Amino acid sequence: MSRRRVVPILTLSVLLCAASASFAQEPATRAEADRQQREEKNREVQPYKQSGFEKAMHFVEEKAIFIIGREGFYPKLGSLTTGSGFAYGVGFRDRDLLNNNGELDLWAATSIRQYWATEARLTFPKLANNHLLVETWAAHRDYPEEKFFGLGPDSARDDITSYAIRSDLFGARAGVRPFPLLLAGGGLEYLNPRLGEGQDSRVPSIEDLFDPTTAPGLGESVDYLRTMAFVELDYREPKNARKGGWYRVNFSHYDDRTTGLYTFNRVDTDLRQFVGFLAGRRVIAARLFISTSNTDDEHVMPFYGMPTLGGHDTLRGFREYRFRGPHAILVQGEYRWEIWSGFDAALFYDAGKVANTRSDLDFENLETDYGIGFRFNTNEAIVFRVDAGFGSRDGKHLYIVFGGVF
Amino acid sequence: MASTSISFSAASFKRSRTVAAVAVGLWIGSVAWSAGPRFYPDDPVWSDDDRAFDASKVVVIEDTGGYDFVVNTFSDPGERRDVRALNVNTVDEVPDSSWFTNRIGRRQMSVAEVVKGPDTLDQVSLDGWIVSGGKSTGVQPGFRMTDPSGQVYQIEVDPPSNPELASGVEIIGTAFYHAIGYHVVEVHPAEIDRAALVISEQATIRDPLNGRRRRLKKYDLDNVFEQAARLSNGRYRVLVSRFAPGKPLGNFRYYRTRPDDPNDIVPHEHRRELRGARVFGAWLNHDDSRGINSLDMLETADGWAWIKHYMFDFGSILGSSTIAAQVHRAGNEYIFEQRPGWLTLITFGLYTRPWMHIDYPDVPPSVGRIESAAFDPLKWKPEYPNSAFDNMRADDAFWAARIVARFTDEMIAAVVKKAQYSDPKATEYLTKVLIARRDKVTAAWLNHVCPVVDPVLAGDGALTFANAAVAARAATEGEGYQLQWFRFDNAANTRTPVGDAQTVPAAASRAPAGLLESGEYVGVTVTAKHATHPGWSRASTFFFRRGGSGWTLVGVERGS
């Protein structure tokens, strides 16, 4: 019995040894050993197959990015104006028009708050060897629930109303660039703002609380011819600035071509300064915005032509368009710190006010707020941000915005 | 019956167990024998025949930048294992292959040879060339041109803010990486007259606005030159890169093997030349060391095809980020690193990364941003994790640092001069920085193992060797060497110590009496003492095989 078991086991072991020896085909040299490994791989060679994630990334990086920025038809996404909510639509563009000298952009979009707009814009940004900019546009805007709280710094939060404004615009401007950082020029624009009842069912319409004495221009339909002149100095580095500055002064004369009553002048001065430190990974950003206007004694400035404060890019502790007046001053400061490349945080402080007279345009009795924000950005721009504003007499406000602040 | 039967069975079981043990032992022995000896007769091999099998069925693998970043940052591709590089020969060196050709590490190179690099032309003139296509990849603006013979070249311009920046570092990087042993493409500086460019009727470009391929137009060239630094004579300095021969297959990855290439049997994260590239990357600040900056070309001859692997795109090394001066973070921190990010977040930015405090000197714009004072090779990092770099061990780093140490001051100066910077201060500064960084690299990585190299065992038993760290002036002489000789059984891969450990003050010793009289293999394990380099105590072991008239070095192990 034992012999009968031992023999097969030994036989098996010999066979195993022989098999393993024959399987390995023992190489005599290193070169042979390596070749054996390659022979083995050659037997198992498989065609390369992309993983699902790899395919997805290829699609995103080679196709999807062209959907947003693509030539021809493209999806128009974002916002139409402060308070419009997210907007979506379709556009068509050609950025190498006329031998790459012109850019044409046509689009139409509507928003979740029933705002809608359409625009055609033709721009020649680099004429005369990059020394001349020429641009023309035509647009229609229909904003059904713009907010109005009254004029001046003492307007009451409880007086919130809404109004609709619809306007056609046709314009053109030209600018010269004597050197790359400076652009100066002027333009002409026709616009015909038309007011209507506010469509926000949660608040009264403007005419329920205000009249033409408290909301000048209400009930009137006028056409404007706007002439403008501007000068702009931009030496930010990079455009999503870590240092440098951006200064712009814009003068506009709004000529009431219908009644002559609502003719006015407005000057907007916007000064932005950026100081970077710690390799530019910390930035102090400061902004001073002053808007002032004047009318002759026989003229009145319409409320919808006045500067406003409140919302995601001005006083962030206040609701949109919370303050409105013929004059406004806004000071904003941000301390921005980079967390990871492409992702920043910011502590901010806003202060500002509107004024009924230019003499009140000072730094006394400013409305203030503070807050914190998080931004996804590139070197060129902030792509998406979340800002939370606190510390105002208007409660807390959270903004989720595609785009930057200043 | 039953009890008898049980008793018998138990005895039988014992016998069977013994027989089985013998059988298993025999089998294991045969397997061990099948595993082969440690050293084959042809060891050490200096050429890896990784063109042995036809690879004509391979397909293009072209990773996108985002994919490469995400995979390497948020997953852990390949294998992390503390294992000796799998493609080194028995003397711990890299054999020539489709990946690497030993140059300065194995033979003397003249300064002129280092400077020449892969160049087949002394200089290029663009007379008679035509524009044959656009450039659709990479951030550096450019296009393609074809010379009268039909050879295709890529033309790239320098950023207006930093003239000569990207082209300069491409030229420098190409020369160094070539001398190190990598396959690189040939590059030259040249001047181009914008007005004289002629666009071929067949020239196409992938439209940057919509990704569609279309005919190349004049304004495409305008777009390129708008982003280009212009010379005072109205012309443009450009970098001319000669297309590598063969069919482009995309890039290689720093992990795993290509499943469709029968010759590719060593996981890339375990290739010595890819692990050691971390050292070269640190020296030259090649923070762009990643898969997408590599190139695989399918070469064919006589109906046979194989892949040749290139290091590619040196536009973002040294002080350049290709289109601007290098960012401060480069080389110091990955694009995404959790800890410093969270610390920065929760401290409102009061926590600052060390690299934010580096003081870069005021240098010509063509240099960009690079320095040597704060540079710490051990802390250097590429843009994002690299599987091969993460697997780098002390022996890999030692191999690479020895190569770095072979670049003399004169070679470095000559290579920088090849970049033809118009400002002599740029040449002077870069040369100084590269020499200082070389010294830091060698000091860091030649001292992490016992730096004994080039042992020679004479027939009479006299052993001499050198100290790579001392030779490179990366360390002072130590406090002596400790040696333990052994007899080596090649078939069984076992060592038998012979004699007591020896302590010698200098780089010479003698084998114990009687050791060399018998046996085919002997060996010696060497450690050293140095007050400031504890790494010298990590042994280097050398194996010698009896040759015709003496002993031949056949094996090297480091850091064991």
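What you see as residue numbers is a count from 1 along each chain, following the sequence as written. Each chain is given a letter, starting from A, and each ligand a number, starting from 1, according to the order in which they appear as written. Given that the model is predicted, a residue must reach a pLDDT of at least 70 before its local features are reported, and side-chain atom pairs must reach 80 or more before they are shown or counted; all residues, however, enter totals for whole chains, interfaces and linings.

> Got a sec to walk through the packing of helix α10 (residues 394-405) of chain B against helix α12 (residues 424-445) of chain B? Specific residues and values, please.
Residues and elements named next belong to chain B. Convention adopted: a line fitted to C-alpha atoms gives each axis, helices being fitted over their contacting stretch, and angles between N-to-C directions are expressed from 0 to 180 degrees. Only DSSP runs of H or I with at least four residues qualify as helices, and only runs of E with at least two residues qualify as strands; both kinds are numbered from the N terminus onward. Close contact between α10 and α12 brings their axes to 9 Å; oriented N to C, the two are set at 150 degrees. Relative to α12, α10 is oriented so that their crossing is left-handed. Residues Ala397, Phe398, Ala400, Ala401, Val404 and Ala405 of α10 pack against Arg438, Val441, Thr442 and Trp445 of α12. The residue makeup of the contact of α10 with α12, split by class, is eight nonpolar, one polar and one charged. The hand of a helix crossing depends on one turn: near helix anticlockwise from the far one by less than a right angle means left-handed, and clockwise means right-handed. The contact rule is simple: place each C-beta atom from the backbone, and if two of them lie within 7 Å, those residues are in contact. When residues are sorted by character, Ala, Val, Leu, Ile, Met, Phe, Trp, Tyr, Cys and Pro go into the nonpolar class, Asp, Glu, Lys and Arg into the charged class, and all the rest, Gly among them, into the polar class.

> Which residues make up the nonpolar core, and what values do they have?
Ile172(B), Val279(B), Ala400(B), Ala401(B), Val404(B), Trp445(B) and Leu446(B) are the most contacted members of the largest nonpolar core, which has 129 residues in total. In terms of residue count, the dominant contributor to this core is helix α4 (residues 165-180) of chain B (ten residues). Ignoring any residue separated from it by four or fewer positions in sequence, one finds Val404(B) in contact with Val279(B), Phe280(B), Trp283(B), Arg438(B), Val441(B) and Thr442(B). One nonpolar core equals one set of buried Ala, Val, Leu, Ile, Met, Phe, Trp, Tyr and Cys residues connected by C-beta atoms within 7 Å. Put simply, a residue is buried when 20 or more other C-beta atoms lie within 10 Å of its own C-beta and exposed when 12 or fewer do; between those, it is partly exposed, and each C-beta is set from the backbone. In this structure, Tyr115(A), Leu151(A), Tyr254(A) and Met306(A) belong to the second largest nonpolar core, which totals 24 residues.

> Could you give an account of the domain arrangement of chain B, with specific residues and numbers?
All names here are of chain B. Along its sequence, chain B is organised into domain 1 (65-112 + 250-444), domain 2 (120-174 + 185-248) and domain 3 (452-558). Of the residues lining the interface, 30 residues belong to domain 1; the matching set on domain 2 comes to 24 residues. Looking at the side of domain 1 that touches domain 2, the elements that each hand over two or more residues are β9 (294-301), β10 (304-311) and α11 (409-418). Looking at which element gives the most residues to the side of domain 1 that touches domain 2, the answer is β9, with four residues. Of the residues that constitute the side of domain 1 that touches domain 2, the class distribution is 17 nonpolar, nine polar and four charged. The domain boundaries here were taken from an automatic or database domain assignment.

> Give a detailed account of the sheet that holds strand β18 (residues 551-558) of chain B, specifying residues and quantitative values.
All names here are of chain B. Note on pairing: two strands pair once DSSP finds at least 2 bridges between them. On the basis of which strands lie adjacent, the open sheet formed by five strands has the order β14-β13-β16-β17-β18 and antiparallel pairing. Strand pairing shows two members of the sheet lacking a second neighbour, β14 (494-504) and β18, which therefore form its edges. With strand direction ignored, the average angle separating the axes of adjacent strands in the sheet is 20 degrees.

> Account for the sheet that holds strand β11 (residues 452-457) of chain B, with residues named and values stated.
All names here are of chain B. As summarised here, the arrangement of the three strands in space is β11-β12-β15, forming an open sheet in which the pairing is antiparallel. In this open sheet, the two edge strands, each paired with only one partner strand, are β11 and β15 (508-510). Here the strands of the sheet are splayed against their neighbours by 20 degrees on average, with no regard to which way each runs. When strand β12 (residues 462-467) meets β15, the two strands line up antiparallel, connected through three bridges. Paired with Thr464 across the bridge in β15 is Ala508.

> Tell me about unusual backbone geometry, and please be specific about residues and values.
A cis amide bond, omega -15 degrees, links Glu237(A) with the succeeding residue Pro238(A). Inspection of the secondary structure puts Pro238(A) in the loop between β9 (224-234) and β10 (244-256). The omega torsion across Asp43(B) and Pro44(B) is -5 degrees, close enough to zero to call that bond cis. Following the sequence through the fold, Pro44(B) ends up in the loop between α1 (2-35) and α2 (65-74). One non-glycine residue, Asn129(A), adopts positive backbone phi at about 60 degrees. One can find Asn129(A) in helix α5 (residues 127-130). The residue Glu164(B) is not glycine, and still its phi comes out positive at about 70 degrees.

> Residue-level account of the environment of Phe488(B), with values.
By the element assignment, Phe488(B) lies in strand β13 (residues 481-489). If we skip the residues at most four places from it in the chain, Phe488(B) touches Arg495(B), Tyr521(B), Val522(B), Gly523(B) and Phe543(B).

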